[in-house]
Amino acid sequence: MFNRTARSTEESGHINSARPSAPGWSKDGLILATFIAISLVWAVLGYHLHSLKQTIREQTHRDVTNISIGVEKHVERLLVGVDQVMRFIVDDYQNDPEAFDFAAWLRRSTSLEGLTTQVSMYNAAGELQASRTPPAPGLATFHVRDRAYFQALSADPNPGLYVDRTVRGRFTGRYVLQTARRLNRRDGSFAGVIVTSIDPNYLSNQFKAVDVGSQGSIGLFGYDGYIRARYPQIEDMYERNVASLNAGKGVFAHLAHAPTGTYELQSPFDQVTRVFGYRTVGSLPLIVTVGKSLEEVMLPFWDEQRLAIVAGLSITALLLSLLALRLRALKRDRLHAAALAEANQTLYEKEKIARAAEAHFRLLAENTTDVIIWCDSDITHKYVSPAVRNVLGYEPEELIGTRPLRFVHPDDAEAYARVLRDLTSGRVEQAVTAQRYRRKDGVDIWVEISFSVTREAVTSQRDGYVASLRDITARKEAELQIAHMATHDALTGLPNRLLFRDRLSQERANAKRHGNGFAVLACDLDRFKAVNDKLGHPAGDKLLALVAERLTAEARDVDTVARLGGDEFAIILSWVNDPQAASLAAERLIGALGRPFDIDGVTVSIGVSIGIALASAEVENTDSLLTNADIALYKAKSTGRNTFRFYEAGMDAMVAKRTNLELDLRDALQRGDFVLHYQPVIDLASDEAVGFEALLRWQHPVRGMVSPADFIPLAEETGLITTLGAWALREACREAASWPHDLSVAVNVSAIQFQQPGLEQSVMHALSASGLPARRLELEITESVLMQDAQAVVACLHRLRGLGVRIALDDFGTGYSSLSYLRQFPFDKIKIDRSFIREIGDPDAAAIVRAVVGLGTHLGIAITAEGVETREQLDQVRSEGCTEVQGFLFSQPLPALDALRFIDVRLSSAA
Ligand SMILES: Nc1nc2c(ncn2[C@@H]2O[C@@H]3COP(=O)(O)O[C@H]4[C@@H](O)[C@H](n5cnc6c(=O)[nH]c(N)nc65)O[C@@H]4COP(=O)(O)O[C@H]3[C@H]2O)c(=O)[nH]1
C-alpha cells in the first residue's frame with residue numbers, strides 16, 4: 001500500500017512539467033470531485049476508526065472469555081478438590097459410622113489448609129460433633145439448624161454438594177464460603193452434615209494474580225445472586241444481591257439465555273463500565289465473571305482517533321487548497337494559453353499534497369504500538385511499521401521481502417500455516433491468531449496478529465493483507481501461571497493432590513493398556529513438626545523444599561513425586577511389577593532423607609515413614625490405592641518410623657482398632673477418667689517410707705482399669721502425653737502437699753514431654769499451684785530421654801534441677817549404654833530396673849546390681865531397687881548396698897486415700 005503510493009508519487013513528479021493539468025475538467029466537476037475526495041478521506045478514516053473500535057471491543061470480549069475459562073477451571077479445581085475430600089469423609093463415615101475417625105481424616109487432609117478455615121461435623125440436631133479447630137470457649141453449645149445448607153441437606157435424602165452463601169462463620173465471626181454434604185446413617189436416615197468453610201479472601205487473592213487491568217474485576221457468584229468472592233473487594237459485598245441490583249441486564253439476565261458469554265455493564269458498585277465474560281463453574285451452582293474496564297481497553301483507540309482527526313483535517317485543508325489552485329488554473333487556461341506553465345505548477349502542488357497525505361497515513365501507522373504490516377497477495381512483507389523494533393527487535397527493512405512463517409516457533413508453525421492458507425484460499429476475509437514468534441535476540445514471545453484482506457481500489461481485486469501484530473506475552477504467561485498454580489504446590493513446585501490424582505488415573509490407564517503394575521507410596525516425614533516448632537516455619541519450608549529435591553532426585557523420570565500437603569508426600573512408581581522393586585525404591589528414599597539437612601547452617605536430621613500399595617493392571621479404583629498406602633503408612637509409623645510397610649488386607653481393621661483406642665484416650669482426658677496411684681518408696685536404713693512414686697491409672701468405663709503399659713505408648717505417639725503428663729504433675733504435687741513428714745513424690749516424665757516446649761512451665765505451675773516445696777518433687781526419666789537431643793535435654797535437666805527438683809534415672813539397665821548417661825548428668829538417684837531384681841538370685845544379675853551400687857556410691861548417688869517382691873530379694877539388695885526399695889513386698893501402688901492410711905499405719909506401728 002505504502003510502496004504503491006510512493007511509486008505513483010515518482011511518476012507524477014516526472015510528468016509534472018510535461019502534462020497540462022486536468023484538461024477537460026469543468027469548474028463544477030472539480031468542486032464536486034474535491035468534495036467527494038474529502039468525503040472519501042473522512043469516510044476511510046471513519047471506517048478505520050470504527051473497525052479499530054470494533055476490533056478492540058471484540059478482542060476484549062475474547063480476552064475476558066479466555067480469562068474466565070482459566071478462572072472457572074481454577075475455581076472448579078479448588079472446590080472439587082475440597083468436595084473430593086468431603087466425599088471421602090462422607091464415604092468413610094457411611095461405611096462404618098461407629099469406626100469413623102474424623103480427627104484422623106483431618107490430619108490426613110492437610111491439603112485443605114490455607115484454602116479452608118474450618119472443617120466441622122454436625123449431628124442430625126445440628127449440634128457440633130467435631131471440628132478441625134475447636135470452638136472458642138462459650139460457643140460450645142451453638143447449633144446450625146438455621147443454616148440453609150442444614151435445612152436443605154436434612155430435607156433431601158440424595159443431595160449433592162451444597163454450596164451456601166458467604167456468611168459470617170460461627171467459629172470466628174469472619175466471612176466464610178460454606179460447602180456441605182449430607183451424612184447418612186446405615187438405614188439412609190439423616191445423620192448430620194459435614195461442612196467445609198472456605199476462606200473467600202484466599203479466592204480473592206488468587207483472582208488478584210490474574211491480569212485484568214487496574215480497573216478490572218473478577219467475581220464468583222451463586223445462582224442465588226449473592227457474591228461468594230470478588231476482587232477487588234467491596235464493602236458489605238457478601239450481603240448484596242447482584243441479581244436484583246442489576247435486574248434485567250447483569251450476568252443473571254444473560255445466564256438465562258446461555259451458560260457462558262459476554263456482556264457490557266456499568267457496575268452499580270464503582271460505576272465503572274466493564275466488558276464481562278461469564279461462565280458457570282462446572283456442575284456447581286456458581287458463576288465466575290471476569291470484567292475489564294471499557295475505558296482502560298479503549299485507551300489505544302482514543303490515541304488513534306486523535307491522530308486520525310489531525311490527519312483528516314490536514315488532508316481536507318490540502319485538498320481545498322488544491323481545489324482553489326485548480327480553479328484558478330482553469331480560469332487562467334481560459335484567459336490564455338500561457339496558463340500551461342501555471343497548470344504544471346498546480347500539478348506540482350498536487351503532488352505535494354499527495355505526498356503530505358501519504359505522510360499522514362504513514363504517521364498513523366508509525367505511531368501505534370502495534371506493528372502494522374502490509375503483505376502482498378503472496379503474504380510477503382511489503383511494509384512493516386517501526387514498532388517492529390520494540391516488538392520483535394528487527395529493523396523494519398529487515399522484514400521486507402520475508403514471510404511470516406519464518407519467525408514462528410516450530411511448535412506453532414503448523415497451526416499458523418493453516419490460518420494463512422485460510423486467508424490465501426479466500427475462505428476467510430479476516431483472521432486473528434496467537435502464536436509464539438522468535439525475536440531477533442532469540443527470545444520467544446507470544447504475539448497476536450489480526451489479518452484483513454485489502455482490495456485494489458478500482459477493480460476490488462484482492463491485492464494483499466493488512467495485519468496488526470501485538471505482544472501478548474504477559475497475558476499468555478498469566479494464563480499459563482493460573483493453570484500451573486492450580487495443579488502444583490507453590491512451595492516445592494511439585495504436583496499437588498489434584499495433579500497427583502490425575503496422574504494416578506493416567507497410570508492406571510497405561511497399566512491397563514500395557515498390562516503392567518505400578519506402586520503408590522505415601523510418605524510422611526518423621527520429626528518434621530519438631531524442626532518446625534524449634535527452628536520456625538521458614539526453616540520448615542526450606543526443609544520441605546530440600547526434601548522435595550531429594551525425593552525427585554531419587555525418582556525416575558517416569559515416576560511422579562507430589563506434595564499432598566504439610567509434610568505429606570506421595571509417589572507413583574511406574575512399571576513396578578514385584579514388591580522387591582518397590583522395597584528397593586522405598587529403601588533408597590529412606591536412605592536419601594536419612595542424610596542430615598543443612599538449614600541455614602543448622603544441621604537437621606529427620607526420617608521418613610512410607611506406606612506402599614501395589615497396583616496391578618486390573619486395579620479399578622485409584623482412590624483406594626492412596627487410602628491403602630495411607631493405611632500402610634500408618635502401620636509403618638506405629639511400628640517404629642523411618643521404615644516402610646506394604647498394604648495388606650486386614651490392616652484397615654487393625655488401624656481402626658488403634659484409632660478407637662486413641663479416640664477413647666482423648667475422651668478419657670476430657671471426662672477425667674485418669675487417677676494416680678501411689679507406691680511407697682522405703683528407705684533401707686530406717687525401714688521407713690520416705691516418699692511415693694505416682695503411677696497413672698485409666699479407669700475405663702467398659703474395659704475397667706487399663707495399665708499404663710497399654711496406653712502410655714499410644715499417648716506418646718499421638719502427643720497426648722503432654723497434656724496427660726502435665727495433669728499427672730499437677731495432681732501428684734497437689735496430693736503430696738497434704739502428706740506429713742516431708743514425704744516426697746516421684747513423677748514419671750516421658751521423653752516426648754522433653755521434645756515439646758512447656759515442660760519447665762508445667763513443673764513450676766504444679767509446684768506453685770500446690771505449694772509443694774520443690775525438694776519434695778522428684779522427676780523420673782528414662783535413658784530414652786537422653787537418646788534424643790542430649791545437649792538440649794541436659795540443659796533442660798539443669799534448669800529443672802535449678803528449681804530445686806530432684807532428677808532420678810528410671811529403669812536403669814534396660815537401655816544400651818547406661819553408664820555413659822551417668823557421665824552426662826549428675827542424677828540424684830538411679831532406679832535399678834525390676835528385671836534385674838527378679839533375677840538377683842542369678843550371679844550375673846547380682847554382679848550387675850553390685851556394679852551399679854558401686855558406681856552410685858562412688859558418684860554419691862542414691863540407688864533404688866525396683867520390683868522387690870520377696871524377702872530374699874530384699875535381703876540381697878540390702879546386702880548389695882541399695883539405699884531404697886520399692887515393690888509388692890511392701891505395697892502395690894495404692895489409691896491416694898489408701899496411701900495416706902499406709903503412712904498412718906507405718907507411723908503408728910513405728911510408735
Ligand atoms: N511385677 C512387679 N511390678 C512392680 C512391683 N513394684 C512396682 N511395680 C510396677 O513397676 C512399675 C514401675 O514404674 P515404672 O518403671 O516407672 O514404669 C511405669 C512408667 O514407665 C509408666 N508410667 C506410669 N505412670 C506414668 C506417668 O504418669 N507418666 C509417664 N510418662 N509414664 C508413666 O508406665 C510404667 C508401668 O507402670 P505400672 O504398670 O504402674 O507399673 C509400675 C509398678 O506398678 C513389683 O514388686 N513387681
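These numbers were taken from a predicted model, which means no experiment stands behind them. (Residues numbered from 1 in each chain as written. Predicted model: local features only at pLDDT ≥ 70, side-chain atom pairs only at ≥ 80, totals over all residues. Heavy atoms only, no water.)

## Quick look at the overall build of the protein chain
Now for step 1: In terms of helices and strands, the protein chain carries 31 helices and 31 strands.
Now for step 2: Of the accessible surface of the protein chain, which amounts to about 42,800 Å², a share of 53% is contributed by carbon and sulfur atoms. (Helix = DSSP H or I, 4+ residues; strand = E, 2+ residues; numbered from the N terminus. Areas by Shrake-Rupley, 256 points an atom, 1.4 Å probe, with all protein chains shown as cover.)

## Things to note about unusual backbone geometry
Now for step 1: With omega at 0°, the peptide bond leading from Y231 into P232 counts as cis.
Now for step 2: The topology assignment puts P232 in the loop between β7 (227-231) and α6 (242-245).
Now for step 3: For D687, which is not a glycine, the phi torsion comes out positive at approximately 60°.
Now for step 4: Inspection of the secondary structure assignment puts D687 in the loop between β23 (674-683) and β24 (688-700).
Now for step 5: Among the residues examined, D687 registers a relative accessible area of 36% and is labelled partly exposed. (Buried < 20%, exposed > 50% of the residue type's maximum accessible area, 1.4 Å probe, protein only.)

## Some words on the sheet that holds β7
Now for step 1: Pairing in this open sheet of five strands is antiparallel, and the strands run β7-β6-β10-β9-β8 from one edge to the other. The two strands at the open ends of the sheet, each matched to only one other strand, are β7 and β8 (260-266). Each adjacent strand pair in this sheet contributes to an overall mean axis angle of 20°, direction not counted.
Now for step 2: The strands touched by helix α2 (residues 27-95) are β6 (217-222), β8, β9 (273-280) and β10 (286-293); relative to β10, the strand with the most contacts, the crossing angle is about 145°.
Now for step 3: This element, helix α5 (residues 200-208), spans β6 and β7 of the sheet and lies at about 40° to β7. (Pairing = 2+ DSSP bridges. Axes fitted to C-alpha atoms, helices over the stretch in contact; angles between N-to-C directions. Contact = heavy atoms within 4.5 Å.)

## Focus on the nonpolar core
Now for step 1: Ranked by size, the top nonpolar core spans 78 residues in total, and within it F754 and L777 carry the most contacts.
Now for step 2: V41, L52, V288 and L319 belong to the second-largest nonpolar core, a separate cluster that totals 40 residues. (Core = buried A, V, L, I, M, F, W, Y, C linked by side-chain atoms within 4.5 Å.)

## Let's talk about the pattern of salt bridges
Now for step 1: Summed over all chains, the structure comprises 53 salt bridges.
Now for step 2: One salt bridge in this structure joins E554 and R588, with 3.3 Å as the shortest N-O distance. Of this pair, E554 sits in helix α17 (residues 537-554) while R588 sits in helix α18 (residues 579-594); the two residues are 34 residues apart in sequence, bridging distant segments of the chain.
Now for step 3: Residue E554 is classed as partly exposed on the basis of its relative accessible area, which comes to 24%.
Now for step 4: Residue classification places R588 among the partly exposed residues on the basis of a relative accessible area of 41%.
Now for step 5: Here R901 and D898 are joined by a salt bridge, their closest N and O atoms 2.7 Å apart. (Salt bridge = Lys/Arg side-chain N within 4 Å of Asp/Glu carboxyl O.)

## Considering the pairing of β8
Now for step 1: In the sheet, β8 pairs with β9 via seven bridges, with the strands oriented antiparallel. In the sheet register, G261 faces β9, and the bridge partner there is Y278.
Now for step 2: Hairpin connection between β8 and β9: a loop of six residues separates the two successive antiparallel strands, and Q271 in this loop has a positive phi of roughly 60°.

## Here's the deal with the packing of aromatic side chains
Now for step 1: For the coordinates displayed, the defined rule picks out 20 aromatic pairs.
Now for step 2: Seen in terms of ring centroids, Y175 and Y238 are 4.8 Å apart; in terms of plane orientation they differ by 45°. Their pairing is tilted. Within this pair, whereas Y175 is found in strand β4 (residues 175-184), its partner Y238 is found in the loop between β7 and α6, the two being separated by 63 residues in sequence. With respect to class, Y175 is no different from Y238; both count as buried.
Now for step 3: Taken together, a centroid distance of 6.3 Å and an interplanar angle of 75° make the contact between F692 and F902 edge-to-face. (Phe/Tyr/Trp six-rings, centres within 6.5 Å; stacked < 30°, edge-to-face > 60°.)

## Remarks on the side chain of S770
Now for step 1: Mapping S770 onto the fold places it in helix α24 (residues 759-770).
Now for step 2: At 2.7 Å, the side chain of S770 forms a polar contact with the backbone oxygen of A766.
Now for step 3: One polar contact links the side chain of S770 to the main-chain amide nitrogen of L772, over a distance of 3.2 Å. (Polar contact = N/O pair within 3.5 Å; in protein donor to acceptor, adjacent residues only side chain to side chain.)

## With respect to the site of the ligand
Now for step 1: Around the ligand lies a shell of 21 residues, among which R697, D810, R834, E869 and F888 are the nearest.
Now for step 2: One of the side-chain N or O atoms of E693 is found 3.1 Å from an oxygen atom in the ligand.
Now for step 3: Contact distances for the ligand include 3.0 Å between a nitrogen atom and a backbone N or O atom of L696.
Now for step 4: Isolated, the ligand exposes 810 Å² of accessible area, and the fraction of that covered by the protein chains is 83%. (Near = heavy atom within 4 Å.)

## Topic: the packing of α2 against helix α9 (residues 299-335)
Now for step 1: Contact geometry for α2 and α9: axes closest at 9 Å, N-to-C directions at 170°. The orientation of α2 relative to α9 falls into the category roughly antiparallel.
Now for step 2: Taken together, the residues of the contact of α2 with α9 sort by class into 21 nonpolar, five polar and four charged. (Parallel < 35°, antiparallel > 145°, perpendicular 65-115°, else oblique. Nonpolar A, V, L, I, M, F, W, Y, C, P; charged D, E, K, R; others polar.)

## Let's talk about the confidence of the model for the protein chain
Any region with low pLDDT has predicted coordinates that should not be read closely.
Now for step 1: Averaged over all residues, the pLDDT of the protein chain is 87; the fraction at 70 or higher stands at 93%.
Now for step 2: Taken element by element, the predicted model of the protein chain shows its lowest mean pLDDT in helix α1 (residues 2-15) (40) and its highest in strand β26 (residues 744-748) (97).
Now for step 3: For the stretch residues 1-22, pLDDT sits under 50, and the model shows 33 contacts to residues farther than four places along the chain or on other chains.
Now for step 4: The ipTM, which scores confidence in the relative placement of chains, is 0.95 for this predicted complex, and the corresponding pTM is 0.43. (pLDDT = per-residue confidence, 0-100.)

## Some points on the sheet that holds strand β12 (residues 381-384)
Now for step 1: Within the open sheet, the five strands sit side by side as β12-β11-β15-β14-β13. Their pairing is antiparallel. Two strands bound the open sheet, and with one partner strand each, they are β12 and β13 (430-438). On average, adjacent strands in this sheet sit at an angle of 25° to one another, irrespective of strand direction.
Now for step 2: Judged from the six bridges that link them, strand β11 (residues 371-376) and strand β15 (residues 462-471) form a sheet pairing that is antiparallel. Bridge pairing in β15 links D376 to G464.
Now for step 3: Along the sheet, helix α13 (residues 413-424) makes contact with β13, β14 (444-455) and β15, crossing β13 at roughly 150°.

## Some points on the environment of L900
Now for step 1: Inspection of the secondary structure assignment puts L900 in helix α31 (residues 896-910).
Now for step 2: In the structure, L900 is positioned 164 residues away from A736 in sequence and 9.8 Å away in space, judged by C-alpha atoms.
Now for step 3: Beyond its immediate stretch of four places on either side in the chain, L900 contacts W739 and P740.

## Some thoughts on the pairing of strand β5 (residues 190-198)
Now for step 1: Most of β5 is tucked away: nine of the nine residues are buried.
Now for step 2: Bridging between strand β1 (residues 116-123) and β5 involves seven bridges; their strand directions are antiparallel. For V119, the partnering residue across the bridge sits in β5 and is T196.
Now for step 3: Across eight bridges, the pairing between β4 and β5 is antiparallel. Pairing of N184 across the sheet is with F190, part of β5.
Now for step 4: Linking β4 back to β5 in an antiparallel pair, the connection comprises five residues, with G188 at a positive phi of about 90°.

## Observations concerning the environment of C733
Now for step 1: Position of C733 among the secondary structure elements: in helix α22 (residues 721-736).
Now for step 2: For C733, a relative accessible area of 0% corresponds to the buried category.
Now for step 3: Non-local contacts of C733, meaning those with residues more than four positions away in its chain, are made with A766, L767, S770, L772 and L777.

## Describing the packing of α2 against α5
Now for step 1: For the pair α2 and α5, interaxial distance at closest approach is 11 Å and the crossing angle is 150°. The angle between the axes of α2 and α5 places the two elements in the roughly antiparallel class. Once α2 is placed against α5, the crossing between them reads as right-handed. On α5, the residues that touch V71, H74, V75 and L78 of α2 are Y202, L203, Q206 and F207.
Now for step 2: Within the contact of α2 with α5, the residues separate by chemical class into six nonpolar, two polar and no charged. (Left-handed = near helix turned anticlockwise from the far one by under 90°.)

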